[in-house]
Amino acid sequence: KTSKGDFKNMRFVNIQSENGLIPGLKTENGLLNVKQTMENMGHPHIPETMNDIIANGNEALQQLVNELNEARDKHVYIEENNINYAPCVDNPGKIICIGLNYRKHAEESNMPIPEYPILFSKFNNSLAGHNEDVVISKYTNQLDYEAELGLVIGKQAKDVSEEDALDHVFGYFVANDLSARDLQFRSGQWLLGKTSDGLLPVGPELITKDEVPDPNNLRITCTLNGDTRQDSNTKDMIFNCKEIVSYISQFMTLDPGDLIITGTPEGVVLGLPEDERVYLQDGDE
């Protein structure tokens with residue numbers, strides 16, 4: 001019996017197709033079409049979406065991987081050259097974001113270190129996929145970038161301890177919490193500047209938690225037109241991943257597929273002196 005070592009770091013992607021979204025799994029032989037492969041296997045429990053895979057949990061995922069390894073003659077692969085990526089998790093029940101969660105970012109923003117995690121929300125309309133164009137709203141002139149580590153809940157979490165918190169995580173991904181600063185600070189609530197259409201690109205890949213021994217020791221970077229603007233490490237978080245999951249679960253039940261976006265490090269446009277700030281423009285990458 002082969003092991004999951006035959007798969008490339010258990011990285012899932014979500015693909016746009018004429019027939020809807022297709023979950024794909026990166027393997028050493030290419031990008032596996034999970035749904036079609038399982039149909040070929042005659043599998044009784046075929047996941048239709050990425051959310052189905054997440055909801056089945058990490059233990060079921062291990063069983064699925066073993067079954068896929070044993071049925072190599074049934075594998076169906078997807079041509080990777082012209083993939084249209086969907087958000088790596090496309091239909092979360094909740095998107096909870098953490099504000100001012102890096103020490104150096106709080107300092108560059110001239111804001112005090114929070115005593116408790118600052119929570120705000122985005123909605124599904126803000127999700128975007130890898131390489132997708134994001135339309136700048138005509139109502140903002142101050143669109144900023146924020147590279148972030150995201151995590152997706154894999155098992156329901158209610159009032160969990162910090163010690164057990166990461167047991168409820170399915171996996172991790174990269175995100176960009178695009179923020180319209182002029183709208184964000186129009187009032188005392190941040191929501192307006194955070195959740196316009198397309199302001200949360202996520203992915204391209206969702207990597208399972210067993211491939212990330214310590215989510216709070218990861219390099220995190222953001223480039224703007226090839227110029228590195230953010231280059232930090234998740235160990236600079238004020239509240240680490242297990243603290244965040246535990247804290248949120250004290251006040252609301254976290255369900256499989258829910259996303260938590262954990263904050264951004266220093267280097268955003270807002271952190272520059274006012275006369276040096278050049279916000280995102282048409283055509284920027």
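Values in this document were obtained by computation on a predicted structure and should not be read as measured data. (Residues numbered from 1 in each chain as written. Predicted model: local features only at pLDDT ≥ 70, side-chain atom pairs only at ≥ 80, totals over all residues. Heavy atoms only, no water.)

### Here we look at the overall build of the chain
Piece 1. Counting its regular elements, the chain contains 6 helices and 17 strands.
Piece 2. For the chain, whose C-alpha radius of gyration is 19 Å, the value lies close to the compact-globule estimate of 19 Å for 285 residues.
Piece 3. Residues classed as buried in the chain amount to 51% of the 285 residues present.
Piece 4. A fraction of 75% describes how many contacts in the chain between residues 6 or more apart in sequence connect residues 24 or more apart.
Piece 5. When the accessible area of the chain is evaluated, it comes to approximately 13,900 Å², of which 44% is carbon and sulfur surface.
Piece 6. Charge-centre separation for the chain: the mean point of 24 positive side chains lies 2 Å from the mean point of 46 negative side chains. (Helix = DSSP H or I, 4+ residues; strand = E, 2+ residues; numbered from the N terminus. Rg over C-alpha atoms; globule rule 2.2 N^0.38 Å. Buried < 20%, exposed > 50% of the residue type's maximum accessible area, 1.4 Å probe, protein only. Contact = heavy atoms within 4.5 Å. Areas by Shrake-Rupley, 256 points an atom, 1.4 Å probe, with all protein chains shown as cover. Lys, Arg positive; Asp, Glu negative; His and termini not counted. Charge placed at Lys NZ, Arg CZ, Asp CG, Glu CD.)

### So, helix α2 (residues 50–69)
Piece 1. If you check α2, its first and last C-alpha atoms are just 19 Å apart, much less than what 20 residues at 1.5 Å a residue would give, namely 28 Å.
Piece 2. Gly57 marks the point of greatest bend in α2, at about 110°.
Piece 3. Residues of α2 that are buried: Met50, Asn51, Ile53, Ile54, Gly57, Leu61, Leu64, Val65, Asn66, Leu68 and Asn69.
Piece 4. Structurally, the start of α2 carries an N-cap: the backbone nitrogen of Asn51 is 3.3 Å from a side-chain oxygen of Thr49. (Expected span 1.5 Å × (residues − 1). Bend = angle between axes of the 7 residues up to and from the residue. Polar contact = N/O pair within 3.5 Å; in protein donor to acceptor, adjacent residues only side chain to side chain.)

### Topic: helix α6 (residues 241–249)
Piece 1. Counted residue by residue, α6 has 7 buried out of 9 residues, so it is predominantly covered.
Piece 2. Of the residues making up α6, those classed as buried are Cys241, Ile244, Val245, Ser246, Tyr247, Ile248 and Ser249.
Piece 3. Measuring from the backbone nitrogen of Lys242 back to the side-chain oxygen at the start of α6 gives 3.3 Å, which picks out Asn240 as the cap.

### Re the side chain of Lys122
Piece 1. Within the fold, Lys122 resides in strand β7 (residues 118–122).
Piece 2. A polar side-chain atom of Lys122 sits 2.6 Å from a polar atom in the side chain of Asp177.
Piece 3. A distance of 2.6 Å separates the side chain of Lys122 from the backbone oxygen of Leu199, its partner in a polar contact.
Piece 4. Those residues in contact with Lys122 that sit more than four places away from it in its chain are Ile95, Cys97, Asp177, Leu178, Lys194, Thr195, Leu199 and Leu200.

### Focus: the confidence of the model for the chain
Piece 1. Mean pLDDT for the chain: 93, with 97% of residues reaching 70 or above.
Piece 2. Contacts for the low-pLDDT stretch residues 1–5, under 50 throughout, to residues beyond four places or in other chains number 12 contacts. (pLDDT = per-residue confidence, 0-100.)

### A look at the nonpolar core
Piece 1. With 37 residues, the main nonpolar core has Tyr145, Leu151, Tyr172, Val245, Ile248, Leu254 and Ile260 as its most contacted residues.
Piece 2. Secondary structure elements with two or more residues in this core: β6 (95–99), β10 (147–153), β11 (169–176), β15 (219–224) and α6.
Piece 3. The contacts of Tyr145, once residues within four sequence positions are left out, are Asn176, Leu178, Cys222, Leu224, Arg229, Gln230, Gly267, Val268, Val269 and Leu280.
Piece 4. Val65, Val152, Phe170 and Leu200 belong to the second largest nonpolar core, which has 31 residues in total. (Core = buried A, V, L, I, M, F, W, Y, C linked by side-chain atoms within 4.5 Å.)

### Some thoughts on the pattern of salt bridges
Piece 1. Tallying each qualifying case throughout the model produces 12 salt bridges.
Piece 2. With its nearest N and O atoms 2.8 Å apart, the salt bridge here joins Asp258 to Lys94. Here Asp258 is found in the loop between α6 and β17 (259–261), whereas its partner Lys94 is found in the loop between β5 (84–85) and β6, with 164 residues between them in sequence.
Piece 3. On the basis of relative accessibility, which here comes to 22%, the residue Lys94 falls in the partly exposed class.
Piece 4. With a closest N to O distance of 2.8 Å, Asp177 and Lys194 form a salt bridge. Taken together, the residues Asp177 in the loop between β11 and β12 (179–180) and Lys194 in the loop between α5 (181–184) and β13 (200–201) connect sequence positions 17 residues apart. (Salt bridge = Lys/Arg side-chain N within 4 Å of Asp/Glu carboxyl O.)

### Quick notes on the environment of Met41
Piece 1. Inspection of the secondary structure assignment puts Met41 in helix α1 (residues 34–41).
Piece 2. Residues Met41 and His75 lie 34 residues apart in sequence; the distance between their C-alpha atoms is 8.6 Å.

### What about the environment of Leu143?
Piece 1. Inspection of the secondary structure assignment puts Leu143 in strand β9 (residues 143–144).
Piece 2. When the C-alpha positions of Leu143 and Gln184 are compared, they lie 10.0 Å apart, and in sequence the two are 41 residues distant.

### Brief notes about the pairing of β10
Piece 1. Extensive coverage of β10 is indicated by the burial of 7 of its 7 residues.
Piece 2. Neither face of β10 is open: one carries Ala147, Leu149, Leu151 and Ile153, the other Glu148, Gly150 and Val152, and all of them are buried.
Piece 3. Judged from the 7 bridges that link them, β10 and β11 form a sheet pairing that is antiparallel. By the bridge assignment, Gly150 is partnered in β11 with Phe173.
Piece 4. Relative to β17, β10 is paired through 3 bridges, and the arrangement is antiparallel. Among the inter-strand pairings, Val152 is bridged to a residue of β17, identified as Leu259. (Pairing = 2+ DSSP bridges.)

### Observations regarding the packing of aromatic side chains
Piece 1. This structure, assessed with the given rule, holds 4 aromatic pairs.
Piece 2. Here the aromatic rings of Phe185 and Trp190 are separated by 6.4 Å at their centres, their planes lie at 80°, and the arrangement is edge-to-face.
Piece 3. Using a relative accessible area of 36% as the deciding quantity, one classes Phe185 as partly exposed.
Piece 4. Look at Tyr247 and Phe251: their rings are 5.1 Å apart centre to centre, the planes differ by 65°, and that puts the pair in the edge-to-face class.
Piece 5. Ring pairs connect the aromatic residues Tyr116, Tyr247 and Phe251, which therefore count as one cluster. (Phe/Tyr/Trp six-rings, centres within 6.5 Å; stacked < 30°, edge-to-face > 60°.)

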